[in-house]
Structures are given as C-alpha cells and as structure tokens.
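Chain by chain, the residues run as shown.
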Amino acid sequence: MSLEGKNIFVTGGLGFIGSHTVLVLLDHGAKVHLIDNLSNSFPRVFEHMKKLAGDKADKMIYSQCDINDAEGLTKIFEKETFDCVIHFAGFKAVGESVDKPLEYYHNNFVGTVVLLEVMRKFNLKNMVFSSSCTVYGLPDKVPITEDAPLKAISPYGRTKLFQAHMFRDLAVSDKEWRLLLLRYFNPIGAHPSGDLGEHPVGIPNNLMPYIQQVALGQREFLRVFGSDYPTPDGTAIRDYIHVMDLAEGHVSAVVKVLATPDLGCKPINLGTGKGSSVLEMVRAFEAASGKKVGYRLMDRRPGDSVAVWAATETAEKELGWKSKFDVNDMCKDQWAWASKYPQGYETPV
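You'll find the protein entered in an unreviewed UniProt entry as UDP-glucose 4-epimerase, with Volvox reticuliferus given as the organism. Under the UniProt heading Sequence similarities (unreviewed entry), the entry covering the protein gives this text: "Belongs to the NAD(P)-dependent epimerase/dehydratase family." Listed in UniProt under the heading Pathway (unreviewed entry), the comment for the protein reads: "Carbohydrate metabolism; galactose metabolism."

As for the packing of aromatic side chains
All chains considered together, the criterion is met by 12 aromatic pairs. Measuring from ring centre to ring centre gives 5.8 Å for Phe 285 and Trp 335, while their planes differ by 90°; the resulting arrangement is edge-to-face. Residue Phe 285 is located in helix H9 (residues 278-289), and its partner Trp 335 is located in helix H11 (residues 327-340); the two are separated by 50 residues in the primary sequence. A relative accessible area of 0% means that Phe 285 is categorised as buried. Overall, Trp 335 belongs to the buried group, its relative accessible area being 12%. Pairing Trp 337 with Tyr 341 gives two aromatic rings, centres 5.2 Å apart and planes at 35°, and the pair type is tilted. Judged on exposure class, the residue Trp 337 and its partner Tyr 341 are both buried. One aromatic cluster is present, formed by Phe 9, Phe 77, Phe 82 and Phe 122 through successive ring pairs. In this structure, Arg 296 packs its charged tip against the face of Phe 221, placed 3.7 Å from the ring centre.

Concerning the nonpolar core
Where a protein is soluble and globular, its nonpolar side chains tend to be buried together. Within the largest apolar cluster, 48 residues are counted, with the highest numbers of intra-cluster contacts made by Val 10, Leu 25, Leu 34, Met 49 and Leu 182. Broken down by element, the residue count for this core peaks at 8 residues, all from helix H8 (residues 243-259). Setting aside residues no more than four positions away along its own chain, Leu 34 makes contact with Val 10, Gly 13, Leu 14, Val 22, Phe 46, Met 49, Met 60, Ile 61, Tyr 62 and Ser 63. Core analysis: the next-biggest nonpolar cluster, separate from the first, contains 25 residues, Leu 73, Val 85, Leu 124 and Leu 179 among them.

Remarks on helix H7 (residues 207-215)
Since the α-helix turns once every 3.6 residues, residues separated by three or four places project in the same direction. The buried fraction of H7 amounts to 9 of the 9 residues, a majority that puts the element mostly inside the structure. Along H7, the residues classified as buried are Leu 207, Met 208, Pro 209, Tyr 210, Ile 211, Gln 212, Gln 213, Val 214 and Ala 215. In this fold, the buried residues of H7 make contact with strand S7 (186-188), strand S8 (222-225), strand S10 (240-242), H9 and H11. Gly 217 sits one or two residues past H7 and shows a positive phi near 80°.

Some words on the side chain of Thr 272
With respect to the helices and strands, the residue Thr 272 is situated in the loop between strand S11 (264-270) and strand S12 (276-277). In this structure the side chain of Thr 272 is engaged in a polar contact, spanning 2.7 Å, whose partner is the side chain of Asp 239. Within the structure, the side chain of Thr 272 is placed 3.1 Å from the backbone nitrogen of Lys 274, a separation counted as a polar contact. Each residue touching Thr 272, except ones within four places of it in the same chain, is listed here: Asp 239, Tyr 240, Ile 241, Thr 312, Ser 323 and Met 330.

Notes on the environment of Glu 47
Looking at where Glu 47 falls in the secondary structure, it is placed in helix H2 (residues 44-53). Separated by 10 residues in sequence, Glu 47 and Ala 57 place their C-alpha atoms 9.9 Å apart.

A few points about the pairing of strand S6 (residues 178-184)
One face of the sheet, then the other: side chains in a regular strand alternate in exactly this way. Burial analysis of S6 places 7 of its 7 residues in the buried class, the great majority of the element. Of the two faces of S6, both are covered, the one formed by Arg 178, Leu 180, Leu 182 and Tyr 184 as well as the one formed by Leu 179, Leu 181 and Arg 183. Judged from the 7 bridges that link them, strand S5 (residues 126-132) and S6 form a sheet pairing that is parallel. Across the sheet, the residue bridging to Ser 132 is Tyr 184, located in S6. The β-α-β motif built from S5, the intervening helix H6 (residues 155-173) and the parallel element S6 has right-handed crossover chirality. One ladder, built from 7 bridges, connects S6 with S11; its direction is parallel. Counted as the bridge partner of Arg 183 is Asn 269 from S11.

Details of unusual backbone geometry
Note that the residue after Val 142, namely Pro 143, is joined by a cis bond; omega there is -5°. With respect to the helices, strands and loops of the structure, Pro 143 is situated in the loop between S5 and H6. Phi is positive for Leu 38, close to 65°, though the residue is something other than glycine. With respect to the element layout, Leu 38 can be found in the loop between strand S2 (31-36) and H2.

The rules behind the values
- Residues numbered from 1 in each chain as written.
- Predicted model: local features only at pLDDT ≥ 70, side-chain atom pairs only at ≥ 80, totals over all residues.
- Heavy atoms only, no water.
- UniProt positions renumbered as here; feature names shortened; annotations may be inferred.
- Phe/Tyr/Trp six-rings, centres within 6.5 Å; stacked < 30°, edge-to-face > 60°.
- Helix = DSSP H or I, 4+ residues; strand = E, 2+ residues; numbered from the N terminus.
- Buried < 20%, exposed > 50% of the residue type's maximum accessible area, 1.4 Å probe, protein only.
- Lys NZ or Arg CZ within 6 Å of the ring centre and 35° of its normal.
- Core = buried A, V, L, I, M, F, W, Y, C linked by side-chain atoms within 4.5 Å.
- Contact = heavy atoms within 4.5 Å.
- Polar contact = N/O pair within 3.5 Å; in protein donor to acceptor, adjacent residues only side chain to side chain.
- Pairing = 2+ DSSP bridges.
- Right-handed = clockwise from strand over helix to strand, strands pointing away.

Right under this line is the structure:
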C-alpha cells in the first residue's frame, strides 16, 4: 500500500491522532503539509515528529494556520498541489461543548465549510474526515453498524452529525467529491517509541489519560461512573483502539479515496470490534505500569451508554484494514509515553 509521490494536506496535524497519522503517511511514501492552530496542541510536537521521522522529516511541512482562515489556507494551496485532505481539526470535548456550543459550531462546522470552499476553489475534492462514534448517540444495539440511526446527544456530536449531512449533500450535488467519513471509537495508546502521545490540556475528558495521571501520582483516584450496569463487572464497556492502528486506517482510507472515482460520501467505522470495561482497562494499565490505580465507584452519569463497540466488517471489506493491537499493547505503549514524559509536551527537556 504505497502513497509514493502523493501530497497530503492534514488539518489538526499536531493533535493526538493527527501527529501519529502523519508519521504513518510518511512511512507509506507520502509527502505531508500539516496545519494546526495550537488551540489544543503544542509546537514541540513537531520537534518530536521530526525526530521520529528521521530521514523522511524533509517530506513534512508544518504551518500554523486555522481552518477558519480562508486567506491562510489559500496561500498554502497556491504554493502546492495536494492529492487528498485528511481533516482532523476540531474541538472534541463533549462536556465543554455543552458550555460553549457557539464556539463548537463555529470552529467545527463553519471551519469545515471554509476548508471545503478553499478545496473547491482549487478543484481538490478528495477528503478523509475525522468523525466519531458520538454521532450514534445512545445506540439501540451493539455492535454498531454504519447504518445505525444517527442521533447525537451533545453539541459536539451534533457538529460531527451536521458535517456528515453537509458532506452527503455535497456529494449528491457534485459527483466529483470523494468523501470518506471515519467514525472512530476510543483512541488510546501512543507511539511505541514513547516519544509521541496524548497530552490533554486541562483535566482529561477521556478515561485513559485520567488513569495515566492517577498512575503517575498526579491525581488521587479515578472516578468510575456507574458500577451497576448489566455487564460482567458492572462498569461501562467501550471499544478502545490503538492510535497506531487508527493511523494505519487513515492511510488505507486515503488509498481508497484516490482509487475510487465514484466513492461519493461513505461512512466507515474504525474500531476493534471488541469491548473492554472501565475496570478491565484499570487492571490492564496497572499490569503495564506496575503502578496501582486507585478508583472510587460513583453513580452513573446521565447520557452514558452501557456498552458501545464497533462492527468492523465494512472497514475490512472496503479498506482491507483491521486492528492489530490489543488493550495490553495500548497500555504498554501509553505507559512508555507517560513514564518518559510525565508532563507530556511540557516535560522539561
């Protein structure tokens, strides 16, 4: 699977998933121009990426730019011709989206409109979009297939859902657009070198960065919301996927887009097809780190699903992709990152 000679434009390229994906794109022969507005990332990420890219580092360009900045995007597109866009940039905290809906709609939805308008101006109509399983809301059944009802229950989820509707309308209006929407589940882990990982700004919104901080002694204990669910250990079940598997999935998606003129707009789930409970993840991280992760059982949170995991058949059939890593690999690599950089990208050099 080669992307030799292809030039890929990546938004949100210094973020958790974006940074890992850029490195995997380079491994597959692509050139990459990545942008980030640094609202939820750090300039230092690019230094780590260059180190890991080695002799491929010169195939990677970074520009500080916002997807809402049509002028900035235009300047980049005037200088280079791109084969495909991978669009990661977006705010992604469910709780924050409830407090700041306008910011989320402006950044996520309007920003994507601006990006699409610039792409159209330069006749670039190939995109892989970073979507989320949040568009399914509280699912009626698992595993979740791509044709499950879409019913996002947060402003963040709705920004992803409204974008999906817009992409579909765009593909209907103009058959030249090829839009692959990757709905992924719970990305965790880190680059196996331990030199690239997730650095949440502020209090983590996701389980694994929080577990990591408890293991490092930075937080006293983990709050486990709900211990009376109808699951083997009473805690909620989610589909956790290694960020390196996810990065490979994006490469497969770019290959699919470039090879499929009549693609239109297509959603594909990226997950492992297996669920793990909160307490199973706590135990796996304890085993990987050799540290105790203290936790307290709390009441259920409103709006939380009992169990969510992906149906993976579409990804296997359409992309020839399936996940390789299990939760033990994810925890091992995440601990390599956490123990090397306990303050993330703010760890003193």
